[in-house]
Amino acid sequence: MMELNTQRMEDFKGIYKYLLVFVGVAFFLIFIRLWFLQVIKGSELRRLSENNCIRLRENPADRGMLLDRKGRILAHNRPSFEVYLVPEDLKINPGVLIKVGAMLNMTQGEIEEKIKAQKRRAPFKPVKIKSDIDWNELALLESNRVHLPGLIVDVRPRRAYDYGDLASHLIGYLGEVDEKELKQSREAPYRMGAQIGKYGVEYRWENDLRGVDGGRQIEVDALGREIRPIGIVEPFPGNNLFLTIDLDLQRTAEEAYQDKNGALIAMDPKTGYILAMVSKPSFEPDTFARNILPEEWKSLVENPYHPLQNKGIQGQYPAGSVFKIITAIAGLESGMITPDTPFTCTGAFHYGNRDFRCWKEGGHGAISLHRAIVESCDSYFYQVGLKVGVDLIAHYANEFGLGRATGISLPHEKQGTVPSSSWKKKRFGVPWYSGETLSFSVGQGYLNATPLQLLMLISGVANAGKLYLPQVVEKVEDIYGRKLKEYPPVELRRADVSEKTLQIVQEALRGAINDPHGTGWTCALKEVKVAGKTGTAQVVRMPENFKKEDRNRMPLKFRDHAWFVAYAPFEDPRISIAVLVEHGGFGASAAAPIAKKVIEKYLNLNPSPPLKMTEKQSDLDYAD
Amino acid sequence: MQIDRRLFIHFDWALLGIVLAIASIGILNLYSTTAKIEMSGTPLYLKQIFWLLIGLAVMVAIAFIEYRFYSDFAYIIYSIAFFLLIVVLGYGIITSGVQRWVKIGSLSFQPSEFVKISFILALAKFFHQPPHQKGYSLKQLPLPFFLLLLPMGLILKQPDLGTAIILVLVFFSILIFVKIRWSSLLTIGLAGGAVVPLLWNFLKEYQKKRILTFFNPDLDPLGAGYHLIQSKIAVGSGGIIGKGFMKGTQSKLGFLPEQQTDFIFSALGEEWGLIGSLFVIGLYLALILWGLRIAVQAKDRFSAILAFGVVAMLFWHVFINIGMVLGMMPVVGIPLPLLSYGGSFIISTLIGVGLLLNVSMRRYLF
């Protein structure tokens, strides 16, 4: 062991007396302070402690408003009068409970239940008995307040959505903060019972919207009556959010759905800003703001049409014929086909030991690319798909963002599925069968996409391959109107596709709407040229002997989903749109007319009269 | 190992007596404070007794190992403690966003507690080489600064502002004790003053809020300010003779946050008044003065600095904690030795006391 050093020990002795003085002074300071608190202020502080005289009153901040792109208010706050009781005070005056109950039309049992439900309440913390009382109840309580110790009536901001269920999935909803959220928010504390965004924009922009809560410390007398405030902190309102949607356009789109279910998203293809976002059926965000009742919650959750799902980003469907855009691009880019390469359609394509049918029973005859897209010929794309192969098609699907989340700032976005040979090997442990390429090349089989992904696809085609991040919020402003955040367009990437290929496809998509026999003719407009593609997503596989006429007799839940994607004007696209109508049947009859109304509205065109469907069912009504 | 008979003759019974007196009051106080709080599992005061017994055993063991051993292994002990601290950041249990514990079996402990002790050991080791004529100059001090900043960064990241502050204060106390040149001290002070605003940015939102609230409690009467006000009310309402054992209302009704840890003194003040508070503060004063005496009477530099370091640690804990409870200082989360509930803390405190006993009973040896 090392010898221990004993040099210069006198240094320590020298400083000893200073240390004694220092410690002495420190303890003397503590003594003085104790004397001050316990002797000089002792009786005053004892009085404060004896009745536990200090009550805390929360003063929640106004949540930031949600506005549309033109500054029209979609969500704001209104005052709501809430009734609280302090259970400790009720023990001294049991009569208060009965009186308050009578004024609010509540039984004693109901009130006691509410008090009991607050198990981990701090002492003397008021319990909310009823919220949002009406003026008569308020007047009654206020005029009797003196006789009702332990009663507190407070004004609280309450979220209000003036347009009911409009854009409900985009806006989202609020709810009471739960245990998990309370624990996670150490740095930005919430109180028990505080409202927090749970879904949609209300959830994603919670930190901007919330604001800073204030509060008051109030001294009360032995009966629980307020004497004077001790400390006050004013709340500071949250920031206002300017959404990218247009209120009028959103309303037009919602109305166009009538009682149908599905999803619609419209976007500016050159910026990625979402102009309208519909998901049907919808819900009333307000039911959440006033604390949703158990039976209301149950009916929302158990509804077979999933009203709580934003189908535009959470619903995954086979893309159907819309996917032919990808197959066409893959064929052209790979050099396997030229625009003029002819294939023959006889109404069905025999492969393996199975007939793959085209929607047109008689067949399209000899057909090349342009007409194949315009008339959505299945046989043509079966053959292109076989030539190109699954992996190249998958590659171009990925180029346009299919098979991965777009990254939109909304919760629970789904990725969709783009199958490939390696994907299948990994997923199922068996190789890819070339027969599966046939279904894949017309958007059926394993392929799944969200409406937003197909919107990205059509926008990319409209925009010469450029893909923009879809965004729902344009900017955040504080209450003084100062801009805090801005969300400029973000270019995600440029699909690796030649300009020439895109031009060919664009022309064909214009033809699909405007040419004779175009499947999307129901969306044709007089003033501007629209380009687009219809599609049908199979819900169940049809038996081979299935008669088309039987479709209308099928139970709704087995009917196909209808797709329509489009952009307009053709020459200089300002709006792109994806429409899905669940169990709607065919794109042309169910989905395209909805898109038409939205495009007309956005481009300020005169609404065209409703199309007269011919009595006699034409082939096109069943076009895929 | 052979234990010298003289060790028993010179055993510091006075120091042990003071420590046991404070610890007993601590158990009683904890019993009174938490008696009415409904909690599942073992009552806190029983847990505290358990920790106290373990701590006393550790203390005795620490006291009887010759301190030359600590001198030889000071840097290794420091490295082990630092390693454990890294483990906390890596694998530590994440409890409500604060990572401070390492779990071994069913026991969890806070390595930062042991970093404090090992830090003192390492500094004592370093400074046992005497300075030149006028005292240590900055040029000689890169290693001590390194020893300080290494764990400091990790502890701040945890985040545990309280322990970080204790480390800094103990560091400067020792610098002054071992005689640093005044010009060097001034330089460090100026540099520190420049760095503090930078450090401010590293603080978590709630920590900033606590400190701001101290200067203006009205800033946040519902949060940190509320705690301060309630704590002052609790102490003040005790008056001169206090409300009596088990009769405190502020603490029992849950008006005080962390009443069994950082704010335990307010419960004492409420129930025992000025008289009880002064008695306990007197015991702390005795502990610290006795410890200082041990330090200056030590036989060699290493044991003197070691003893002083422990005393400095105890002093700053007591002074800051009581100052915070009485509203003289910001709420920074520093517990009160032997009174606050907490297993790791009571053990690290008793390890410190064990070192003091160790130095004390060997001052006549060699």
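You'll find the structure just up there.
Criteria and thresholds
- In this numbering scheme, every chain counts its residues from 1 along its sequence in written order.
- Numbering of ligands from 1 and lettering of chains from A proceed in the order in which they are written.
- Local features are withheld for residues below a pLDDT of 70 in this predicted model, meaning they are given only at 70 or higher, and side-chain atom pairs are given and counted only at 80 or more; totals for whole chains, interfaces and linings count all residues.
- Based on all heavy atoms of the structure, the side-chain values leave hydrogens and waters out of the count.
- Lines fitted to C-alpha atoms define the axes, with helix axes restricted to the stretch in contact, and inter-axis angles between N-to-C directions lie between 0 and 180 degrees.
- Under the scheme used here, helices are H or I runs from DSSP no shorter than 4 residues and strands are E runs no shorter than 2 residues, and both carry numbers assigned from the N terminus.
- Any angle from 65 to 115 degrees is called roughly perpendicular, while one under 35 is roughly parallel, one over 145 is roughly antiparallel, and all others are oblique.
- Here is the rule for handedness: rotate from the far helix to the near one, and if that takes an anticlockwise turn smaller than a right angle the crossing is left-handed, while a clockwise turn gives right-handed.
- Contacts: residue pairs with any heavy atoms within 4.5 Å of one another.
- Ten residues, namely Ala, Val, Leu, Ile, Met, Phe, Trp, Tyr, Cys and Pro, are considered nonpolar, four, namely Asp, Glu, Lys and Arg, are considered charged, and the remaining ones, Gly among them, are considered polar.
- Here a salt bridge means any side-chain nitrogen of Lys or Arg lying within 4 Å of a carboxyl oxygen belonging to Asp or Glu.
- When a residue's accessible area, from a 1.4 Å probe over protein chains only, is under 20% of the maximum for its type it is buried; when over 50% it is exposed; and in between it is partly exposed.
- The definition of a polar contact used here is a pair of N or O atoms within 3.5 Å, where within protein one atom must be able to donate a hydrogen and the other to accept one, and adjacent residues in sequence count solely through side-chain atom pairs.
- Patches here: salt-bridge-free residues with over 30% relative accessible area, like charges joined within 9 Å, nonpolar side chains (Val, Leu, Ile, Met, Phe, Trp, Tyr) joined within 5 Å.
- Only the protein chains shown count as cover for residues, with accessible areas throughout obtained via the Shrake-Rupley method and a probe of 1.4 Å.
- Put simply, the grid is 1 Å and covers the protein atoms alone, a cavity is a trapped set of points that fit a 1.4 Å probe, a pocket is an open set with protein on both sides within 12 Å along at least five of seven lines, and lining residues have an atom within 4 Å of a point.
- Grid points are joined across faces, edges and corners, and a volume is the space filled by probe spheres set on the points.
- Centre distance within 6.5 Å is the pairing criterion for rings of Phe, Tyr and Trp, where only the six-membered ring of Trp is used; planes under 30 degrees apart are then read as stacked, over 60 as edge-to-face, and the remainder as tilted.
- Two conditions define a charge sitting above a ring: the NZ of Lys or the CZ of Arg must be within 6 Å of the ring centre, and it must be within 35 degrees of the ring normal.
- When DSSP finds at least two bridges between two strands, those strands are taken to pair.

**Student:** Provide a residue-level description of the packing of helix H11 (residues 264–297) of chain B against helix H12 (residues 301–325) of chain B, including the pertinent values.
**Tutor:** Residue and element names in this part refer to chain B. Between H11 and H12, the least distance of the axes is 10 Å, while the angle of their chain directions is 160°. For the element pair H11 / H12, the angle class is roughly antiparallel. For the pair H11 and H12, the crossing hand works out as left-handed. Here Phe265, Ser266, Ile281, Tyr284, Leu287, Ile288, Gly291, Leu292, Ile294 and Ala295 of H11 lie close against H12, whose contacting residues are Ala304, Ala307, Phe308, Val311, Leu314, Phe315, Val318, Asn321, Ile322 and Val325. When the residues that make up the contact of H11 with H12 are grouped by side-chain class, the tally is 17 nonpolar, three polar and no charged.

**Student:** Give me the lowdown on the pattern of salt bridges, citing residues and values where you can.
**Tutor:** Residue and element names in this part refer to chain A. Enumeration according to the criterion identifies 29 salt bridges over all chains in this entry. Of the charged contacts in the structure, one is a salt bridge between Arg72 and Asp248, with a shortest N-O distance of 2.9 Å. Within this pair, whereas Arg72 is found in the loop between strand E2 (66–67) and strand E3 (73–85), its partner Asp248 is found in helix H11 (residues 247–256), the two being separated by 176 residues in sequence. On the basis of relative accessibility, which here comes to 25%, the residue Asp248 falls in the partly exposed class.

**Student:** Residues and numbers for the side chain of A:Ser576, please.
**Tutor:** Residue and element names in this part refer to chain A. Among the secondary structure elements, Ser576 is positioned in strand E23 (residues 575–581). According to the relative accessible area criterion, Ser576 is buried, its value standing at 0%. At 2.8 Å, the side chain of Ser576 forms a polar contact with the side chain of Ser459. Once residues lying within four places of it in the same chain are set aside, the contact partners of Ser576 are Ile265, Ala266, Met267, Pro269, Leu455, Ile458, Ser459, Ala566 and Tyr567.

**Student:** Go over a nonpolar patch on the surface, please, and point to the residues and values.
**Tutor:** There is a patch of nonpolar side chains on the surface, built from B:Ile65, B:Phe69, B:Phe73, B:Ile76 and B:Ile80 and spanning about 400 Å² of accessible area. Assessed through its relative accessible area of 46%, B:Ile76 is described here as partly exposed.

**Student:** Tell me about empty space enclosed by the protein, residues and numbers included.
**Tutor:** Summed over all chains, the structure comprises three cavities of 30 Å³ or more. Computed from the structure, the second largest cavity encloses a volume of approximately 40 Å³. Taken together, the residues of the lining of the second largest cavity sort by class into six nonpolar, one polar and one charged.

**Student:** Which residues make up the packing of aromatic side chains, and what values go with them?
**Tutor:** A full pass over the atoms with the stated rule returns 45 aromatic pairs over all chains. Seen in terms of ring centroids, B:Phe145 and B:Phe171 are 5.1 Å apart; in terms of plane orientation they differ by 65°. Their pairing is edge-to-face. Linking B:Phe145 in helix H6 (residues 142–157) with B:Phe171 in helix H7 (residues 161–177), this pair joins segments that are 26 residues apart in sequence. For B:Phe145, a relative accessible area of 22% corresponds to the partly exposed category. Linked through ring pairs, A:Phe323, A:Trp423, A:Phe428, A:Trp432, A:Phe440 and A:Tyr446 together constitute an aromatic cluster. A:Lys475 extends its terminal NZ or CZ atom over the ring of A:Phe242, reaching a point 4.7 Å from the ring centre. For the cation-ring pair, B:Arg293 lies above B:Trp290, with the distance from its terminal atom to the ring centre recorded as 4.6 Å.

**Student:** Go over the sheet that holds strand E12 (residues 274–280) of chain A with me, naming the residues and quoting the values.
**Tutor:** Residue and element names in this part refer to chain A. In spatial order, the strands read E12-E11-E23-E22-E21; together these five strands make up an open sheet with antiparallel pairing. Edge positions in the sheet fall to E12 and strand E21 (531–537), since each of these pairs with one other strand and no more. Neighbouring strand axes in the sheet, compared pairwise and without regard to direction, differ in orientation by 5° on average. Alignment of strand E22 (residues 561–568) against E23, held across seven bridges, turns out to be antiparallel. For Ala566, the partnering residue across the bridge sits in E23 and is Ile577. Where helix H22 (residues 499–514) meets the sheet, its contacts fall on E21 and E22, and the angle it forms with E21 comes to roughly 75°.

**Student:** I'd like a rundown of unusual backbone geometry, residues and numbers included.
**Tutor:** Residues and elements named next belong to chain A. For the bond from Lys280 to Pro281, the omega torsion is -5°, close enough to zero to count as cis. Tracing the sequence through the fold places Pro281 in the loop between E12 and helix H12 (285–289). Here the bond from Ala568 into Pro569 is cis, since omega is -15°, no more than 30 degrees from zero. Inspection of the secondary structure assignment puts Pro569 in the loop between E22 and E23. Notably, Arg8 is not glycine yet its phi reads approximately 50°, a positive angle. Along the chain, Arg8 turns up in the segment before helix H1 (10–40). A residue is classified by how much of its surface remains accessible, and Arg8, at 18% relative accessible area, is buried. Not every positive phi belongs to a glycine, and His412 is a case in point at roughly 65°. Within the element layout of this structure, His412 appears in the loop between helix H18 (390–399) and helix H19 (421–428). The class of His412 is partly exposed, set by a relative accessible area of 47%.

**Student:** Help me get a handle on the side chain of B:Lys116, residues and values and all.
**Tutor:** All names here are of chain B. By the secondary structure assignment, Lys116 is in helix H5 (residues 111–127). Residue Lys116 is classed as buried on the basis of its relative accessible area, which comes to 2%. There is a polar contact of 3.0 Å between the side chain of Lys116 and the side chain of Glu113. Those residues in contact with Lys116 that sit more than four places away from it in its chain are Thr163, Ile166, Leu167, Met313, His317 and Phe345.

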